[in-house]
Amino acid sequence: MRQPWSRSIVRAVLVGALSVVVLLASAGTFVAQAADPIKIGFGMALTGGLSANGKPALLAVQIWKDDINKKGGLLGRPIDLVFYDDQTNPATVPGIYTKLLDVDKVNLIISGYGTNLIAPLLPIAMERKLTLMGMFGLANNEKYQYPNYFQIQPAGPDPQISTAIGFFELAAKQNPKPQTVALVGADAEYPQNALVGARELVKKFGFKTVYDKTYPPNTVDYTPIVRAIKATNADIVFVASYPPDSVGMLRAAHEVGLQPKIFGGGMVGLMFTTFLTSLGPMLNGVVNYDFWAPEPVFLAMPGIKEFLKEYQARAEKAGVDPLGYYLPPYSYALMQVLGQAVEGTKGLDQQKIADYIRANEFSTIVGKIKFGKNGEWATGRTLMVQYQKIQGTSIEQFRGPGKKVVLWPDEFKSGTIIYPYASALK
Amino acid sequence: MFAWDLLANAVVAGLLLGGVYAAVSLGVSVIFGLLDIANIAQPAFLILGAYAAYVMYNAFGLDPILSGLLFTPVFYLVGAAVYRVYYGSFERRGEESLRGLVFFFGILFIIEVSLSLKFGVDYRLVQSGYVGKSIEVGGIGIAYRLLVPCLVGLAMTLALHLFLARTFYGRAIMAVSQDRLALRLMGANPVKIKTVAFGIGIAAASLAGALLITITPVIPSTDRDYIGRMFAITVLGGMGSIGGTLVAAIILGIAESLMSTFFGPSWAQAVSFGVLLAALAVRPAGLFGR
């Protein structure tokens, strides 16, 4: 017969062993959770019309992921990117993000590239109360005013006029002051938004509109349009165009001999390396919006040189823009903001992250960023640059300062405008 | 006062654009119009031709039009091979209607994705010596960038017309489009004839692609912009009519140009397709259709 004390000892040993097992198991779970990656999901234009920007943006996001993982991740957890090709097709966006959220169970989302691709995503983020980082969307949140949306393009609090404000402010300062304006743009979301802003500014600065027309995005020949503009003798020609039309308009302007006093404005694509190195001197004199230029003030920002070095080393293999001066620094900065917010809130709570982003200023490779009420930069920084003294088509001339001179705003100014446009062509 | 100089310039610009549209649509006119094969992949071969010209321009500084001419035999062989696969897999079994369409869709996507993988998704363009320059004749400005492709397009149309009208193979192609059985009874092999025609159609598309890249930048998905135009011009001209294709292309080009100049470019394509609908309402077989 067993003694009562020995039974207690056995029970105590069993309970102790069980406790150890439970403890070990829970510790194991804890370890596993700590090592679980933080999944960040997004759709991106890897094919289709916007892929020339979508792919460099993806590369920048991947570089950020690698940089963070090298430093031990966020909150001690590695970063994992889950992304799908949205084919530059807004119709794919709801499906992609539903899969990311419900099947892939991502912790955070960011948008793909571009206004048209952000538009269908915003309602999804609002419905699920998610924090959404937007990548280069123009005025997407003007209608919704969703407080947890933050947009990285430095358009500023009034995005609709952001593309054109510098252009018209510069024009108004010239002597003799130009009087008449021709406005032309593609029948697509961004150009339409830019033209709305331009019309507002034309009134504000007291110019007279002599031409205001749009064209279908797949137009082949732009010479009839440019010739019609030339017939109006406009002093200022403001163009809001996507890459193929930007090239078409510029070539047609040279062929027809269109030489207003100021030409350019909102021509997407001219800043892409492939166009810089193809169009070469044809770009001289064009005054156009931009977000980044290899001028001293931008190159001095902390981290940018290291980023560009890494980007340019990986760009050729990735088959993307070899310089990466347009979108990639901002894509990286977008991830920096999100990463700093996760670290700052010490968690992945969507509302806390949004509150943190709204309340704080962020140090990024494109400078300090503070977001305003509508999720745009509190202070806009859309630059107005002028292409000057480009000779030939060598890529090397575009790596340093002097070819894309910043004219506006004054705090980033790196040179003076060559005026009128014809003088820059000589 | 009416701006007659603008009108003259708009008409000339339309003619030039029409010449380019004709070049772009000739392949469809042969393959869809004469052979009755709905080759949806035709615009993809157009873009493939554009990339071939881009590669030659970048590697050797070769003019895109010269590259286009050099590549036509290669694309002819590619076209012939594609038709053989299509014939063996679908046409011979009488399954060409829907499955054949899927086959060509597949080719279109394969070409697009292959170009994306090889060249990335950046816009590609060539800046030949004559791009950005123009001549003025009697107050009418003519851009070389459009003039040269237009002249090549006209030459292509003339060459194809003469080939179909004057040569044995050309007549055989016309015959196979009208009565395949009768052609077989005459001792000719319709499959062989159609292989030749399909190859010519693809070669024409590749040459047109070389013309296209001198006018506008391309990315792999640019082909989608041209599907509608190519088939619309072929239908308007009359299925299989080479001369009709040229006339239809010029009508569309001039309609677009006039609208762009005088009424606003937004209406350009809507009006040109309106012309197509109106013409088909009066002549359902197209302008020169039989």
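Calculation rules
Here the residue index of a chain counts from 1 through its sequence in written order. Chains carry letters and ligands carry numbers; both start at the beginning, A for chains and 1 for ligands, and go up in the order they are written. Totals for whole chains, interfaces and linings use every residue, but because this is a predicted model, local features are given only for residues with pLDDT of at least 70 and side-chain atom pairs only at 80 or more, for both listing and counting. Numbering goes from the N terminus for both helices and strands, where a helix is a DSSP run of H or I of at least four residues and a strand is a run of E of at least two. Counts of 20 or more other C-beta atoms within 10 Å of a residue's own C-beta define buried residues, counts of 12 or fewer define exposed ones, and intermediate counts define partly exposed ones; C-beta atoms are placed from the backbone. Any residue pair is listed as a contact if its two C-beta atoms, each placed from the backbone, are within 7 Å. Computation of the radius of gyration draws on C-alpha atoms, with the globule rule given as 2.2 Å multiplied by the number of residues to the power 0.38. Strands are treated as partners if at least two bridges between them are detected by DSSP. Think of each axis as a best-fit line through the C-alpha atoms, taken over the contacting stretch in the case of a helix, with angles from 0 to 180 degrees between the N-to-C directions. Oblique is the label for every angle not falling under 35 degrees (roughly parallel), over 145 degrees (roughly antiparallel), or within 65 to 115 degrees (roughly perpendicular). It is the rotation of the near helix from the far one that decides the hand of a crossing: anticlockwise by less than a right angle makes it left-handed, clockwise makes it right-handed. For every residue, the predictor assigns a confidence score, pLDDT, that lies between 0 and 100. Only Asp, Glu, Lys and Arg are considered charged, only Ala, Val, Leu, Ile, Met, Phe, Trp, Tyr, Cys and Pro nonpolar, and every remaining residue, Gly among them, polar. Working definition: the arc comes from the directions between the helix axis and the C-beta atoms, pointing outward to the latter. By definition, a nonpolar core groups buried Ala, Val, Leu, Ile, Met, Phe, Trp, Tyr and Cys residues that are joined through C-beta atoms within 7 Å. Annotation comment: domain bounds sourced from an automatic or database domain assignment. The seven residues ending at a residue and the seven starting there each receive a fitted axis; the angle between those axes is the bend at that residue.

**Quick notes on the overall build of chain A**
Then, number 1: The number of helices and strands found in chain A is 15 helices and 14 strands.
Then, number 2: Judged by the C-alpha coordinates and their principal axes, chain A covers about 115 × 40 × 35 Å.
Then, number 3: Counting every position in chain A, which comprises 426 residues, the buried fraction comes to 52%.
Then, number 4: Long-range contacts, defined as pairs at least 24 residues apart, comprise 71% of the intrachain contacts of chain A with a sequence gap of at least 6.

**Side note on the overall build of chain B**
Then, number 1: Looking only at helices and strands, chain B features 11 helices and 2 strands.
Then, number 2: Reading the secondary structure of chain B in the N-to-C direction produces α-α-α-α-β-β-α-α-α-α-α-α-α.
Then, number 3: Taken over C-alpha atoms, the radius of gyration comes to 19 Å for chain B, in line with the 19 Å a tight globule of 290 residues would show.
Then, number 4: Taken over the C-alpha atoms alone, chain B extends approximately 65 × 50 × 35 Å along its principal axes.

**Observations regarding the sheet that holds strand β4 (residues 132-135) of chain A**
Residues and elements named next belong to chain A.
Then, number 1: Spatial ordering of the open sheet is given by β2-β1-β3-β4-β5, a layout of 5 strands whose pairing is parallel. Each having just a single partner strand, β2 (79-85) and β5 (149-151) make up the two edges of the open sheet. Each adjacent strand pair in this sheet contributes to an overall mean axis angle of 20°, direction not counted.
Then, number 2: When strand β1 (residues 38-44) meets strand β3 (residues 108-113), the two strands line up parallel, connected through 2 bridges.

**Section: the interface of chain A and chain B**
Then, number 1: Taken residue by residue, the interface counts 39 residues in chain A and 37 residues in chain B.
Then, number 2: Per-element accounting of the side of chain A that touches chain B gives the leading share, 8 residues, to helix α9 (residues 243-256) of chain A.

**Observations concerning the packing of helix α2 (residues 42-60) of chain B against helix α9 (residues 223-237) of chain B**
Residues and elements named next belong to chain B.
Then, number 1: Two numbers describe how α2 lies on α9: the axes approach to 8 Å, and their chain directions differ by 125°. Here α9 runs oblique to α2, going by the angle between their axes. The crossing of α2 and α9 is right-handed. For the pair α2 and α9, the contacting residues are Q42, P43, A44, L46 and I47 in the first and D223, Y226, I227 and M230 in the second.

**Quick notes on the confidence of the model for chain B**
Then, number 1: The pLDDT averaged across chain B works out to 90; a share of 99% of its residues lies at or above 70.
Then, number 2: Prediction confidence for the complex, expressed as pTM and ipTM, is 0.84 and 0.84 respectively.

**Observations concerning the sheet that holds strand β10 (residues 287-290) of chain A**
Residues and elements named next belong to chain A.
Then, number 1: Strand order in the open sheet formed by 7 strands is β7-β6-β8-β9-β10-β13-β14, and the pairing between neighbours is mixed. Pairing within the sheet leaves two strands with one partner each, and these edge strands are β7 (208-215) and β14 (404-408). Taking each pair of neighbouring strands and ignoring which way they run, the sheet shows an average axis angle of 25°.
Then, number 2: When strand β8 (residues 236-241) meets strand β9 (residues 262-267), the two strands line up parallel, connected through 6 bridges. Bridged to F238 within β9 is G264.
Then, number 3: Against the sheet, helix α6 (residues 159-173) contacts β8, β9, β10, β13 (383-387) and β14, and its axis sits at roughly 170° relative to β9.
Then, number 4: The sheet contacts of α9 involve β6 (180-186), β8 and β9, and relative to β8 the element is tilted by about 150°.

**Considerations on the pairing of β13(A)**
Look at any regular strand and the pattern is simple: side chains alternate between the two faces of the sheet.
Residues and elements named next belong to chain A.
Then, number 1: Most of β13 is tucked away: 5 of the 5 residues are buried.
Then, number 2: The alternating pattern of β13 places L383, V385 and Y387 and M384 and Q386 on opposite faces, both of which are buried.
Then, number 3: With 4 bridges connecting them, β10 and β13 associate as antiparallel partners. Looking at the pairing, Y289 lines up with M384 of β13.
Then, number 4: Taken together, the 4 bridges between β13 and β14 define a ladder with antiparallel strand orientation. Bridge assignment links V385 to a residue of β14, and that residue is V406.

**Comments concerning the packing of helix α8 (residues 223-232) of chain A against helix α1 (residues 4-34) of chain B**
Then, number 1: Contact pair α8(A) / α1(B): the axes reach a minimum separation of 10 Å and the direction vectors enclose 170°. By the angle between their axes, α8(A) is roughly antiparallel relative to α1(B). Classified by chirality, the crossing of α1(B) by α8(A) is right-handed. Contacts between α8(A) and α1(B) involve T223(A), P224(A), R227(A), A228(A) and A231(A) from the first element and L6(B), N9(B), A10(B) and A13(B) from the second.
Then, number 2: Classifying every residue of the contact of α8(A) with α1(B) gives 6 nonpolar, 2 polar and 1 charged.

**A closer look at helix α6 (residues 168-178) of chain B**
Within an α-helix, residues lying three or four positions from one another point in the same direction, as the helix has 3.6 residues per turn.
Residues and elements named next belong to chain B.
Then, number 1: By the burial criterion, the buried members of α6 are A172, I173, V176 and S177. Along the axis of α6, the buried residues cluster in a sector spanning 140°; they form a single face. Summarising the geometry of α6, the exposed residues directed more than 90 degrees from the buried face are F168 and Q178.
Then, number 2: Tucked into the core, α6 has its buried residues touching α1, α5 (144-166), α7 (180-185) and α8 (190-215).

**Structural notes on the environment of T273(A)**
All names here are of chain A.
Then, number 1: Relative to the assigned elements, T273 resides in helix α10 (residues 273-279).
Then, number 2: The sequence separation of T273 and G402 amounts to 129 residues, and the corresponding C-alpha distance is 16 Å.
Then, number 3: Discounting residues that sit within four places of it in the chain, T273 has contacts with D321, P322, L323 and I395.

**Regarding the confidence of the model for chain A**
Then, number 1: Predicted confidence across chain A gives a mean pLDDT of 91, with 92% of residues reaching 70 or more.
Then, number 2: Note on residues 21-32 of chain A: pLDDT is under 50 here. Beyond four places in sequence and across chains, it has 0 contacts.

**Considering the nonpolar core**
Then, number 1: Core analysis: the largest hydrophobic core is formed by 239 residues, its most contacted members being I229(A), L334(A), V20(B), A50(B) and A204(B).
Then, number 2: Counting only domains with at least three residues in this core, you end up with domain 2 (39-154 + 299-370) and domain 3 (159-290 + 388-425) of chain A.
Then, number 3: What I229(A) contacts, discounting residues up to four positions off in sequence, is A182(A), V184(A), Y211(A), A234(A), V237(A) and L258(A).

**Details of α1(B)**
Residues and elements named next belong to chain B.
Then, number 1: Along α1, the helix axis deviates most sharply at S25, where the bend reaches about 40°.
Then, number 2: Along α1, 24 of the 31 residues are buried, which leaves the element largely enclosed by surrounding structure.
Then, number 3: Looking one or two places after α1, you find D36, whose phi comes out positive at around 65°.

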